[in-house]
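A closer look at the structure
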Amino acid sequence: MEKRKRWITDWWPERLNLKVLRQNCPRSNPYGENFDYAREFESLDLEAVKKDLRELMTKSQDWWSADFGNYGPLFIRLAWHSAGSYRIFDGRGGARTGEIRFPPRINWPDNINLDKAIRLLWPIKQKYGRKLSWADLIVLAGNVALELMGVKTIGFAGGREDAWEPDEGTDWGPEIEMLSGKGRFKEGELEKPFAATEMGLIYVNPEGPEGNPDPVESAKQIRVAFSRMGMNDEETVALIAGGHAFGKCHGAAPNTFLGPDPSSSPIEQQGLGWKFNYKTGKGLDTFTSGFELTWSPTPTKFGIQYLHLLFKHEWEITKSPAGKYQWVAKNAPAIIPDAHDPSKKHPPMMLTSDLALRFDPAYSRIAKRFLENPKEFEEAFAKAWFKLIHRDMGPRDCYLGKDVPKEVFIWQDPLPARDYELINNKDLEELKSRILSLGFSVQQLIYVALSSALTYRDSDRKGGTNGARIRLLPQKNWEVNKPEELAKIIAKLEKIKAEFDNEHERENKKVSIADLIVIAGNTAIEEAVKRAGLEFRVPFAPGRVDALQENVDIEFWSAIEPIACGFRNYAREASINKIKRVEEMLVDKAQLLRLTVPELVVLFWGIRALGAVYTDGLGVLTKNPGVLSNEVIVNLLDMATEWKPADEFGYLYEGYERKSGELKWRATRFDLIFGHHEELRAVCEVYAALDGKEKFVKDFIAVWTKLMHIDRYDLWKNNRELYRKLTAGIF
């Protein structure tokens, strides 16, 4: 039967969808708009929660029995798969919002039966209610499970606040069927931003690429997938070998007995999916991955048994009862315990992805070193695990609880502690005066501040103005940041800093380059407002510090250099022919900046009015750039202009006077989408109206202030009310 067309997206699937900018609005939270999870978590008895989790681990339930009488391996898998969807290119995925409870992730084949793990945790969630989010509980359960089974973990940080609706904005891949990876590979390369090699997987197919049981080829995909998650070879080996010290795979019978995923299951199953209609459907008769094996003779105890068996035996290919390729140790005794029948033993078995650690030269060297140095292995696993479950949490200021470790890691983007007094309002005015005397244009000063702020992404709370990493490698060399011009401005700001710090040495008062960059942008905006005949102050909270080059993860930041930026009307020339529908990239970035639809509109066109774009004049629909005026939107909506394509890629456009045929403007798809898209145009009309002039300026200042302070988690930690006002446009 043909699917009925019921929604706008059914009828017009190519239409730009702005829904992602409206997701998880405060009114979606059943605890109310003013709910403060951090305050609730701080009142939580964390030791009591961990005690309850330890008791839960070994109390097998009839409705879903525990392998080896211990749910620990299941909870490790739950925490791992919640966190393991993180990817570096856009920071999406991960465990920070508990999205594994919702589609699409809860329905991925790689997550079969994790719905049971979540239900097993419900009594603990029920007990602690608002004080403990699902996101924190899921990760904590994995951490406690490791500790219960012999791992000395580094620690645990709370502070993950739950989402209340599915993530419908993340592109997980172009495939229209699960367990297919053909759409995401172009000329043999995995396209960005994808990390998993097949739809519905966390990393790679354990059977081998596309089901081909080749350990060497599997290693290649493992390296790509784990690097896309920000893990190097050592971390990869530590995680796989550490994780496979526990538990088992399940494939008691073919997947023809497997019922639908949770979202597709019958209503009487109450959200539980994957019903396995084979014998009892649980315990011995379970299907999860389709493989049927246990890696270690001690599946509820951490150790090197997995690595020992991996290198001790030769392996021959076989198949699981479900028909999946796996490997069995040649002529090996049955030493592996059965998960539910104490009288049974099995020979050692491995997955193709396990053998990759033996047959890939680099992985093999690391694995053998771990085998020979068990203590080093445990420490490497503990560090990699901590990174896995905390990578998307942002600065350490966002870490909550008494179990936060003192050790600092480079992937946390550490900043030096401030050991000096902050500037006051008098100092601020003096610094503004000095900046104006430098001779730079409004456009130049705003561009630098904007470029610094646009590095922020809310998905993993990385980037932003704090730290001024734009002055360091690799950001100072990013093409979109105009390196030569940036270097000149930073040099002048450094001179101002040196003079100011020297003048106020006796007071122990200093100003950071990070603060000066924002002050410069604010000063330029205030000048642009004056030129528009208005008078507004741009709010500013000092306290940013300057990152040190040695604390910058150069490999990470190099990997995510932008190939396009709609806000600055930039697209790398060599990539224009490869970029399709750049407007989707703009909306994607707006969501990462935590913008609403009106905020997107006013920020975008305010930047155009100020002329702060990569190519002078491009998209700047005014003869008076540097004046913060709604004239740019008025001109966008002016029917006296006729737009025509100006290149073969559908990226550049020229606007002509309809009557005279005179060329008036040059713009891109980034600009024209606001006049074409009905929702965006409706908001533009508000600002282009005669009574929209002052509103345009006020709203731009509000969203600019939000952008300049959104990464100030030092403020969030110490003065949440001020942080709320600055990021809500209250001034």
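What counts as what
- Residues numbered from 1 in each chain as written.
- Predicted model: local features only at pLDDT ≥ 70, side-chain atom pairs only at ≥ 80, totals over all residues.
- Heavy atoms only, no water.
- Patch = residues over 30% accessible without salt bridge, like charges linked within 9 Å, V, L, I, M, F, W, Y side chains within 5 Å.
- Areas by Shrake-Rupley, 256 points an atom, 1.4 Å probe, with all protein chains shown as cover.
- Salt bridge = Lys/Arg side-chain N within 4 Å of Asp/Glu carboxyl O.
- Helix = DSSP H or I, 4+ residues; strand = E, 2+ residues; numbered from the N terminus.
- Pairing = 2+ DSSP bridges.
- Axes fitted to C-alpha atoms, helices over the stretch in contact; angles between N-to-C directions.
- Phe/Tyr/Trp six-rings, centres within 6.5 Å; stacked < 30°, edge-to-face > 60°.
- Buried < 20%, exposed > 50% of the residue type's maximum accessible area, 1.4 Å probe, protein only.
- Lys NZ or Arg CZ within 6 Å of the ring centre and 35° of its normal.
- Parallel < 35°, antiparallel > 145°, perpendicular 65-115°, else oblique.
- Contact = heavy atoms within 4.5 Å.
- Nonpolar A, V, L, I, M, F, W, Y, C, P; charged D, E, K, R; others polar.

So, a nonpolar patch on the surface
Taken together, the side chains of Ile-8, Trp-11 and Trp-12 present a nonpolar region at the surface, about 390 Å² in accessible area. Among the secondary structure elements, Ile-8 is positioned in helix α1 (residues 8-11).

Re the sheet that holds strand β14 (residues 663-668)
The strand order across the open sheet formed by three strands is β12-β13-β14, and the pairing between neighbours is antiparallel. A single partner strand is all that each edge strand has here, and the edge strands are β12 (641-645) and β14. For this sheet the average axis-to-axis angle between neighbouring strands, irrespective of direction, equals 25°. Pairing geometry for strand β13 (residues 652-657) and β14, over five bridges, is antiparallel. Residue pairing across strands places Leu-652 opposite Thr-668, the latter belonging to β14.

A look at the packing of aromatic side chains
Taken as a whole, this structure holds 32 aromatic pairs when the rule is applied. Judged by centre distance (5.5 Å) and plane angle (20°), the rings of Phe-302 and Phe-381 are stacked. Here Phe-381 lies in helix α12 (residues 374-390) and Phe-302 lies in the loop between β4 (293-294) and α9 (305-312), a separation of 79 residues in the sequence. Note on Phe-302: relative accessible area 12%, which makes it buried. Overall, Phe-381 belongs to the buried group, its relative accessible area being 0%. Geometrically, the ring pair formed by Phe-556 and Trp-557 is edge-to-face, given 5.2 Å between the ring centres and 90° between the ring planes. According to the relative accessible area criterion, Trp-557 is buried, its value standing at 1%. Feature note: the residues Trp-80, Phe-246, Phe-302, Phe-370, Phe-377, Phe-381 and Trp-385 constitute an aromatic cluster, connected by ring pairs. If you follow Lys-116 out to its NZ or CZ, it ends over the ring of Trp-64, 4.9 Å from the centre. Taking the ring centre of Phe-194 as reference, the NZ or CZ of Arg-184 above it sits at 5.2 Å.

Let's talk about the sheet that holds strand β5 (residues 315-319)
The strand order β5-β6-β9 describes an open sheet built from three strands, whose pairing is antiparallel. What marks the edges here is a single partner per strand, and that holds for β5 and β9 (349-350). Of the pairings in the sheet, the one linking strand β6 (residues 325-329) to β9 comprises two bridges and is antiparallel in character. Among the inter-strand pairings, Val-328 is bridged to a residue of β9, identified as Met-349.

Let's talk about the packing of helix α8 (residues 233-243) against α12
At a minimum axis separation of 8 Å, α8 and α12 run at an interaxial angle of 100°. Between α8 and α12, the angle falls in the class roughly perpendicular. The segment α8 lies against α12, with Glu-234, Glu-235, Ala-238, Leu-239, Ala-241, Gly-242 and Gly-243 engaging Glu-376, Phe-377, Ala-380, Phe-381, Ala-384, Trp-385, Lys-387 and Leu-388. Grouping the constituent residues of the contact of α8 with α12 by class yields nine nonpolar, two polar and four charged.

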